[in-house]
Each structure stands twice: as C-alpha cells, then as structure tokens.
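In case you want the letters, here they are:
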Amino acid sequence: MNELKLAAPAKLNLTLDILHRREDGYHDLKMVMTSVDLCDYLTVRLRDDGKIHVRTPGTDLPVGEDNLAGRAARTFFKEIRQAPGVEITIEKHIPSQAGMAGGSSDAAAVLRALRELLRPDLTGRDLEAMGERVGSDVPYCVRGGTALAEGRGERLTDWPGVPPCRIVVCKPEFGLSTPELFGRVQTEKLRFRPDHAAMYAALLRGELSGVAAQLVNVFEEVLTPREAKTIRDIKMRLCRCGAENALMTGSGPTVFGLFQTPEDARRAFEELCPLYRTFLTRPIPGV
Ligand code: C5P
C-alpha cells in the first residue's frame with residue numbers, strides 16, 4: 001500500500017478562554033473544541049525521491065512545506081529518520097483563515113496517513129506530540145471529537161460529545177489575523193469567560209440547550225465595532241431562525257449556530273447562503 005485517501009474534519013470552538021500570555025509569546029488557553037462533518041479530503045501518496053509535494057487544486061494556498069500539511073510530512077520524516085517523500089493532494093472545503101482549523105486538520109490527516117503507510121506502531125500520543133511541533137491546533141486535530149484543550153492547545157482531555165443536532169456555519173468575507181487578535185487581548189480586562197464546569201455538565205447530560213447556553217469565546221470581546229457588527233448580524237439571523245445560540249469559533253470570523261431541528265437549520269442555511277459563505281453540518285465523533 002502506498003496511497004491513502006482520508007477526510008480531515010473542521011473543528012468548532014464551544015468555548016475559548018485566554019488565561020495569560022506566556023514567556024514564549026504564546027498564550028495559555030482553555031477551550032473546548034468539537035469536530036464537525038465539514039471536511040477537506042486528502043490523498044497521500046508515498047514517493048521514492050525524498051520530495052514533499054502539496055497540491056490544493058482550485059485554491060491559492062501555499063504548496064510544498066509552506067503549507068502546514070507539507071510541514072507535517074517533514075516533521076514526521078524527521079521523527080522516524082526516514083524520508084521517502086510524499087505527494088499530498090488536498091480537496092479543500094473548509095474555509096481558510098476561518099477559525100475552523102482547516103490547515104491544522106489537513107496537517108493532522110497527513111500525520112495519520114503517514115503513520116498508517118510507514119509506522120503503524122506509533123501511538124496517538126506520538127502523533128499528537130509531532131503535531132505540537134507543527135501548530136497549536138494540530139494535536140487536537142490528530143485526536144478529534146470533543147475535547148478540552150489547555151496550555152498552548154496541546155494538553156487534551158476527552159470530553160463527552162455534542163448531542164445530535166444540526167449546525168449552520170457562516171463565514172463572512174473579512175479575515176481576522178490570529179496573532180493580531182491575540183495581541184488585542186488584555187486578559188485582566190476580559191468580562192465574559194466560559195464556565196467550563198457548566199459546559200462539561202451540559203455535555204454529560206447530553207442537553208443541547210445547556211451546551212448552547214454555555215457558548216463563550218473571549219475573542220468576541222476584542223473585535224472592532226465593524227467586525228462585531230457583522231458577527232452580531234449573523235448571530236441574530238441564526239437565532240431568529242431558531243438556533244439555540246450562536247458563537248464565533250476560534251479567532252474567527254466564522255460564526256456557527258446550534259439547532260435542535262433539521263427544518264430550522266435548513267431555513268437558516270437558506271437565509272444566510274446568499275449573504276455569507278454558509279455550510280450545513282453536524283457534530284461527529286473523533287476521527
Ligand atoms: O501555533 P500556531 O502557529 O497555530 O499559532 C499561530 C499564532 O497564534 C502564534 O504565532 C501566536 O501568535 C498565536 N497563538 C498564541 N497562543 C496559542 C496559540 C496561538 O498566542 N496558544
């Protein structure tokens with residue numbers, strides 16, 4: 001076997017809290033992430049010339065090792081001290097720079113594929129440790145499912161999954177730079193922080209309305225008035241169509257709404273589709 005096809009699911013943040021800025025410039029976080037069935041699809045094929053090729057047809061995303069997927073392959077080869085080379089083709093569906101970890105999920109899928117093709121003895125923890133060297137969200141993407149992530153994002157604890165529901169995801173046009181957004185945060189000034197005990201309890205009860213009530217992302221507090229207006233507009237439309245609640249995911253600007261019924265979700269999808277890049281999705285268990 002020298003080729004694998006696999007899916008790389010997007011993630012959404014149910015919570016995101018920033019605890020403090022660290023000496024190394026990163027921030028200690030506490031956040032709950034969950035996988036959804038909106039996926040990129042990868043073909044990972046081994047080569048025999050030592051080269052790393054990344055292709056993302058139809059996009060202007062970087063190729064080779066400037067792409068996180070290429071960096072994941074390089075990290076994997078370095079770790080196993082063997083570099084046969086690889087060709088990675090990514091069919092993109094997850095919007096980029098959207099707070100949905102599209103690039104990190106592609107990188108995690110490359111690590112999983114290379115393990116299967118070259119070193120099936122490596123554990124999930126081994127892969128998560130490699131992922132940490134590729135990017136802060138990569139360890140979570142290796143694991144998938146619903147998890148609490150702490151530290152830079154690499155300390156993971158499995159949490160109960162999101163109860164069955166429909167999720168409408170909306171990506172406005174503007175981009176938000178993750179480092180810039182982190183730079184705007186003064187942790188001592190944050191007013192609304194997630195209650196992780198309450199979120200855990202709601203997930204354990206399998207109660208969507210309880211989960212929805214606990215959605216908090218502190219990045220929403222540091223948006224400019226103009227950015228905040230768009231986020232508010234999307235949230236309002238989602239909630240008017242029957243969403244239990246809505247939240248910006250990660251460092252944004254994507255907003256998602258949680259729906260009890262497929263009918264309400266479909267209505268929201270149809271209302272938002274002409275205005276924003278919109279997807280209808282649902283939670284999935286770990287990869
Ligand atoms: O690790 P990654 O390259 O994905 O992080 C992108 C940027 O996000 C970092 O350069 C840093 O500015 C910021 N970041 C942070 N604290 C984290 C994760 C990311 O400050 N825990």
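Before reading on, note that the structure itself is shown above.
Residues numbered from 1 in each chain as written. Predicted model: local features only at pLDDT ≥ 70, side-chain atom pairs only at ≥ 80, totals over all residues. Heavy atoms only, no water.

*Asks:* So what about the layout of surface pockets? Which residues, and what values?
*Replies:* The volume enclosed by the largest pocket comes to roughly 1200 Å³. Every residue lining the largest pocket is counted, 44 residues in all, and those nearest its centre are Leu-68, Ser-104, Asp-137, Thr-178 and Ser-251. When residues of the lining of the largest pocket are traced back to their parent elements, those giving at least two are strand S1 (3-21), strand S2 (27-46), helix H1 (68-80), helix H2 (102-118) and helix H5 (178-184). Looking at side-chain class alone, the lining of the largest pocket contains 17 nonpolar, 19 polar and 8 charged residues. Lining the lining of the largest pocket are residues from two domains, each supplying at least three of them: domain 1 (3-158) and domain 2 (166-284). (1 Å grid on protein atoms, 1.4 Å probe; cavity = no way out; pocket = protein on both sides within 12 Å on 5 of 7 lines; lining within 4 Å. Points joined across faces, edges and corners; volume = space filled by probe spheres on them. Helix = DSSP H or I, 4+ residues; strand = E, 2+ residues; numbered from the N terminus. Nonpolar A, V, L, I, M, F, W, Y, C, P; charged D, E, K, R; others polar. Domains from an automatic or database assignment.)

*Asks:* Give a detailed account of the pattern of salt bridges, specifying residues and quantitative values.
*Replies:* Considering all chains together, one arrives at 27 salt bridges under this definition. A salt bridge links Lys-235 to Glu-220, with the shortest nitrogen-to-oxygen separation between them at 2.8 Å. A residue pair is termed long-range when its members are at least 10 positions apart, and Lys-235 in helix H8 (residues 225-240) and Glu-220 in the loop between strand S8 (216-217) and H8 qualify at 15 residues. Judged by its relative accessible area of 23%, Glu-220 falls in the partly exposed class. Arg-237 is the partner of Asp-233 in a salt bridge, and the nearest nitrogen-oxygen pair spans 3.1 Å. A residue pair is termed a helical-turn pair when its members lie 3 or 4 positions apart in one helix, as Asp-233 and Arg-237 do in helix H8 at 4 residues. A single salt-bridge network, built from bridges that share partners, covers Glu-3, Lys-5, Arg-45, Arg-47, Asp-49 and Glu-87. (Salt bridge = Lys/Arg side-chain N within 4 Å of Asp/Glu carboxyl O. Buried < 20%, exposed > 50% of the residue type's maximum accessible area, 1.4 Å probe, protein only.)

*Asks:* Lay out the packing of H1 against H2 in plain terms, naming residues and giving numbers.
*Replies:* Where H1 contacts H2, the two axes come as close as 8 Å, and the packing angle between them is 35°. Here H1 runs over H2; the crossing is right-handed. Of H2, the residues touching H1 (which contributes Leu-68, Ala-69, Ala-72, Ala-73, Phe-76, Phe-77 and Ile-80) are Gly-103, Ser-104, Asp-106, Ala-107, Val-110, Leu-111, Leu-114, Arg-115 and Leu-118. The residue makeup of the contact of H1 with H2, split by class, is 12 nonpolar, 2 polar and 2 charged. (Axes fitted to C-alpha atoms, helices over the stretch in contact; angles between N-to-C directions. Left-handed = near helix turned anticlockwise from the far one by under 90°. Contact = heavy atoms within 4.5 Å.)

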